[in-house]
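Chain and residue survey
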Amino acid sequence: MNILDKIVAHKKTEIQAAKRNVSYTSLEESEHFHRDVLSFKDFLLDPQRTGIIAEFKRKSPSKGIINDKVSVEEVTTGYAAAGASALSVLTDRQFFMGRKVDLRRARQANKIPILRKDFMIDEYQVIEARALGADIILLIAAILAPDQIQQLASLAKSIGLNVLLEVHNLEELQRSVNPNLDAIGVNNRNLADFTVSVETSYQLAEHIPSEFLKISESAISNTGTIKQLKKAGFNGFLIGENFMKQADPGAAMKEFVREL
């Protein structure tokens, strides 16, 4: 069992418990469910912003605790002030020390799009993401069959959410593309051994259909890499650990952006 298998197995149990505790009706009656969703594309392509999707992440399975001393409000408002085009907030508790309330708090504190970063395998999570205040959901091709991606993406679009599909290789990309996606993210991390290489983004760039936003995820630690990725056609750059490992992630992003 690799780490993704373990996460998905635990997620199934977690979702069943969530369904018992909070009904679909309760989710649909929550304060954020009927708010106007922000356009991922508009913010990502805004020339006044950086294209960076800045992530709030306390822990990862590969690195352990990264930073558990800072608040989600402090970090995400710092990211937004530094020019983030969107925020990514982990809501997985078991493996990443994330919390659903983190997303709610980030939503209340910010007026830019927020990605719910989690392992989405069930329609309930899509409805829940809308209720928490997310603007974007993540669908990971490595854990979903093409029909599941189609089903979850279609539901997301029907309730106004933006959809980011994450792929790790050409096979995942080719089997997973469908019209209900807004963006395709290339994860530069090898999920088998956790090594990272930005070459994965360069290799897949030309294979991503032009109608989708192109996002590069992981392995981005300097502005030179972003400049090269832009030349390869990428619009967005998901960065988390590089900022979160600093005592003040927002200040770290501000310093980083000065060199863009």
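Being a predicted model, the structure only gives us computed values, none of them experimental.

Before going further, it helps to spend a moment on the packing of helix H7 (residues 123-132) against helix H8 (residues 146-158). Remark: H7 packs on H8, axes separated minimally by 10 Å, with the N-to-C direction vectors making an angle of 25°. Viewed along their axes, H7 and H8 adopt a mutual orientation that is roughly parallel. Of the two elements, H7 crosses H8, and the hand of that crossing is right-handed. Contact with H7, carried on its side by Glu 123, Val 126 and Ile 127, involves Gln 151, Leu 152, Leu 155 and Ala 156 of H8 and no other residues of that element. Looking at side-chain class alone, the contact of H7 with H8 contains five nonpolar, one polar and one charged residues.

Moving on, we come to the environment of Ala 54. When you line up the elements, Ala 54 lands in strand E1 (residues 52-56). Among the residues examined, Ala 54 registers a relative accessible area of 0% and is labelled buried. A sequence separation of 52 residues divides Ala 54 from Asn 2, and the C-alpha atoms of the two residues are 27 Å apart. Every residue in contact with Ala 54, bar those within four places of it in the chain, is listed here: Tyr 79, Ala 84, Ala 86, Leu 87, Ser 88, Ile 239 and Met 253.

With that settled, the discussion passes to the packing of aromatic side chains. Considering all chains together, one arrives at four aromatic pairs under this definition. Their ring planes at 50° and their centres at 5.9 Å tell us that Tyr 79 and Phe 243 sit as a pair that is tilted. Of this pair, Tyr 79 sits in helix H4 (residues 72-81) while Phe 243 sits in helix H12 (residues 241-244); the two residues are 164 residues apart in sequence, bridging distant segments of the chain. The class for Phe 243 is buried, based on a relative accessible area of 0%. Residues Phe 243 and Phe 256 carry aromatic rings whose centres are separated by 5.4 Å and whose planes lie at 80° to one another, so their mutual orientation is edge-to-face. With Phe 243 in helix H12 and Phe 256 in helix H13 (residues 249-257), the pair connects residues that are 13 residues apart, well separated along the chain. Neither Phe 243 nor Phe 256 differs from the other in exposure class; each is buried. Ring pairing ties together the aromatic residues Tyr 79, Phe 243 and Phe 256, which thus form one cluster.

In this fold, Phe 234 is placed in the loop between helix H11 (223-231) and strand E10 (236-239). Residue Phe 234 is classed as buried on the basis of its relative accessible area of 3%. In this structure Phe 234 touches Val 186, Ser 201, Ala 205, Lys 214, Ile 215, Ser 216 and Leu 229, once residues within four positions along its chain are discounted.

Contact geometry for H4 and H13: axes closest at 7 Å, N-to-C directions at 15°. With respect to each other, H4 and H13 are oriented roughly parallel. Taken as a pair, H4 and H13 cross one another with a handedness that is right-handed. Contacts between H4 and H13 involve Val 75, Gly 78 and Tyr 79 on the former and, on the latter, Pro 249, Gly 250 and Met 253.

Glancing now at unusual backbone geometry. You will see that Ser 218, though not glycine, has its phi angle at about 75°, which is positive. Looking at Ser 218, the relative accessible area reads 18%, which means it is buried. If you check the backbone angles, Ala 219 has positive phi at about 70° while not being a glycine. Among the structural elements, Ala 219 can be located in the loop between strand E9 (213-217) and H11.

For the rest of this paragraph, the subject is the pattern of salt bridges. Counted according to the given criterion, the structure contains 19 salt bridges. A salt bridge links Lys 11 to Asp 118; the nearest nitrogen and oxygen atoms lie 2.8 Å apart. In this pair, Lys 11 is assigned in helix H1 (residues 3-21) and Asp 118 in the loop between strand E5 (114-117) and H7, connecting sequence segments 107 residues apart. As far as the burial class goes, Lys 11 and Asp 118 line up, both buried. The salt bridge involving Asp 102 is made with Arg 99; its shortest N-O contact spans 3.9 Å. A relative accessible area of 0% places Asp 102 in the buried class.

Basis of the calculations
- Residues numbered from 1 in each chain as written.
- Predicted model: local features only at pLDDT ≥ 70, side-chain atom pairs only at ≥ 80, totals over all residues.
- Heavy atoms only, no water.
- Axes fitted to C-alpha atoms, helices over the stretch in contact; angles between N-to-C directions.
- Helix = DSSP H or I, 4+ residues; strand = E, 2+ residues; numbered from the N terminus.
- Parallel < 35°, antiparallel > 145°, perpendicular 65-115°, else oblique.
- Left-handed = near helix turned anticlockwise from the far one by under 90°.
- Contact = heavy atoms within 4.5 Å.
- Nonpolar A, V, L, I, M, F, W, Y, C, P; charged D, E, K, R; others polar.
- Buried < 20%, exposed > 50% of the residue type's maximum accessible area, 1.4 Å probe, protein only.
- Phe/Tyr/Trp six-rings, centres within 6.5 Å; stacked < 30°, edge-to-face > 60°.
- Salt bridge = Lys/Arg side-chain N within 4 Å of Asp/Glu carboxyl O.

Any functional reading would require information that these geometric values do not contain.
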